[in-house]
Amino acid sequence: MAKNALKRIPILTLLIFVVLAVSSEATKYQSQNLKETNIVFYMHDLASGLNGHTTKMVGGIPHKRWAVLAFGTVFAIDDKLTETKDWNSTQVGRARGIYVNSALDGSDLHLLMSLVFTNKDFNGSTLEIQGSDRFYQKYRDVSVVSGTGIFRLARGFATLETVFLDIPNSNAIIRWNVTVLHY
Ligand SMILES: *[C@@H]1O[C@H](CO)[C@@H](O)[C@H](O)[C@H]1NC(C)=O
Ligand SMILES: *[C@@H]1O[C@H](CO)[C@@H](O)[C@H](O)[C@H]1NC(C)=O
Ligand SMILES: *[C@@H]1O[C@H](CO)[C@@H](O)[C@H](O)[C@H]1NC(C)=O
């Protein structure tokens, strides 16, 4: 019996070692220091005008008026993101995806989009956005739910502020201040 127990010691030690190695692998990300990155840019959400047609109404409730303020109306977007409010300032990337008016009283756009970066710092990386854009509020937060490239496993939030608004033509310029934690 005692002999058998002794024989098992090296195996047990090995097992413990393996378990420790696995658990240290599992905690690698948890213990590693997360980087915080802050990005400010402007999104040109334009359905009409000289620089328009990056935002397109693509659906709505049948037999009802489709409009940005009407519940159920869906927009597809490929909006330009720039460094400053000026359309011609340096492009940071594009906001690609959809938003849908998701409040019965029309007061909320559900955003579901990727921020696809093309600037020097984040070229090729994306951040995934999902959240409630209660656009009547001066400042509102939407979630950054994940990312790719240098933003793999990122999470965070973005504070939105409307800096230009033309509701009849569905045109707006939105200031984004994105805060993300990533590895
Ligand atoms: C952007 O630049 C183009 C070409 O130089 C010019 O025609 C246009 O007026 C500029 N747009 C704005 C908003 O400044
Ligand atoms: C971003 O990456 C693309 C593809 O690799 C490249 O063509 C482009 O020049 C890069 N842009 C910047 C600003 O580095
Ligand atoms: C962006 O948001 C962060 C977090 O709320 C804040 O600390 C920072 O001052 C803001 N930066 C700008 C330039 O607005």
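Residues numbered from 1 in each chain as written. Chains lettered and ligands numbered in written order. Predicted model: local features only at pLDDT ≥ 70, side-chain atom pairs only at ≥ 80, totals over all residues. Heavy atoms only, no water.

In the nomenclature of an unreviewed UniProt entry, the protein chain is known as Dirigent protein of Ziziphus jujuba. Under the heading Sequence similarities (unreviewed entry), UniProt records this for the protein chain: "Belongs to the plant dirigent protein family." Of the comments in the UniProt record for the protein chain, the one headed Subcellular location (unreviewed entry) reads "Secreted, Extracellular space, Apoplast". (UniProt positions renumbered as here; feature names shortened; annotations may be inferred.)

(A) Representation of the site of ligand 3. Ligand 3 sits among Asn38, Val40, Arg175, Asn177 and Thr179. About the coverage of ligand 3: the protein hides 42% of its 360 Å² of free accessible area. For the shell around ligand 3, the elements supplying multiple residues, two or more each, are β1 (35-46) and β9 (171-182). Broken down by element, the residue count for the shell around ligand 3 peaks at three residues, all from β9. Split into classes, the residues belonging to the shell around ligand 3 amount to one nonpolar, three polar and one charged. (Near = heavy atom within 4 Å. Areas by Shrake-Rupley, 256 points an atom, 1.4 Å probe, with all protein chains shown as cover. Helix = DSSP H or I, 4+ residues; strand = E, 2+ residues; numbered from the N terminus. Nonpolar A, V, L, I, M, F, W, Y, C, P; charged D, E, K, R; others polar.)

(B) View of the site of ligand 2. In the vicinity of ligand 2, the residues found are Thr118, Lys120 and Asn123. About the coverage of ligand 2: the protein hides 25% of its 360 Å² of free accessible area.

(C) Focus on the nonpolar core. In terms of nonpolar packing, the biggest core is built from 30 residues, with Phe41, Leu111, Leu115, Phe117, Leu127, Trp176 and Val178 touching the most fellow members. Mapped onto this core, the elements with two or more residues apiece are β1, β3 (74-82), β4 (91-101), β5 (109-117), β6 (126-133), β7 (139-148), β8 (155-166) and β9. With sequence-adjacent residues up to four places away left out, Leu115 is seen in contact with Phe41, Leu81, Arg94, Ala95, Ser125, Thr126, Leu127, Ile129, Trp176 and Val178. (Core = buried A, V, L, I, M, F, W, Y, C linked by side-chain atoms within 4.5 Å. Buried < 20%, exposed > 50% of the residue type's maximum accessible area, 1.4 Å probe, protein only. Contact = heavy atoms within 4.5 Å.)

(D) Structural context of the side chain of Ser170. Within the element layout of this structure, Ser170 appears in the loop between β8 and β9. Owing to a relative accessible area of 14%, Ser170 belongs among the buried residues under this scheme. In this structure Ser170 touches Asp45, Leu46, Ala47, Val68 and Phe75, once residues within four positions along its chain are discounted.

(E) Just unusual backbone geometry, in detail. In this model, His63 sits at a positive phi of 65°, which is unusual for a non-glycine residue. Of note, His63 is situated in the loop between β2 (55-59) and β3. Non-glycine residue Ser170 carries a positive phi angle of around 55°.

(F) Structural view of a nonpolar patch on the surface. On the surface, Ile61, Phe71 and Leu104 cluster together into a nonpolar patch covering about 300 Å² of accessible area. Relative to the assigned elements, Leu104 resides in the loop between β4 and β5. The class of Leu104 is exposed, set by a relative accessible area of 76%. (Patch = residues over 30% accessible without salt bridge, like charges linked within 9 Å, V, L, I, M, F, W, Y side chains within 5 Å. Salt bridge = Lys/Arg side-chain N within 4 Å of Asp/Glu carboxyl O.)

(G) Structural context of the side chain of Asp45. Looking at the secondary structure, you find Asp45 in strand β1. One buried charged side chain, Asp45, makes no salt bridge at all; its nearest oppositely charged neighbour is Arg140, positioned 8.8 Å away. Polar side-chain contacts of Asp45 include one of 2.8 Å to the side chain of Thr55. Side chain to side chain, Asp45 and Tyr99 meet in a polar contact 2.5 Å long. Apart from the residues within four sequence positions on either side, Asp45 is in contact with Thr55, Ile77, Asp79, Tyr99, Ser170, Asn171 and Ala172. (Lys, Arg positive; Asp, Glu negative; His and termini not counted. Polar contact = N/O pair within 3.5 Å; in protein donor to acceptor, adjacent residues only side chain to side chain.)

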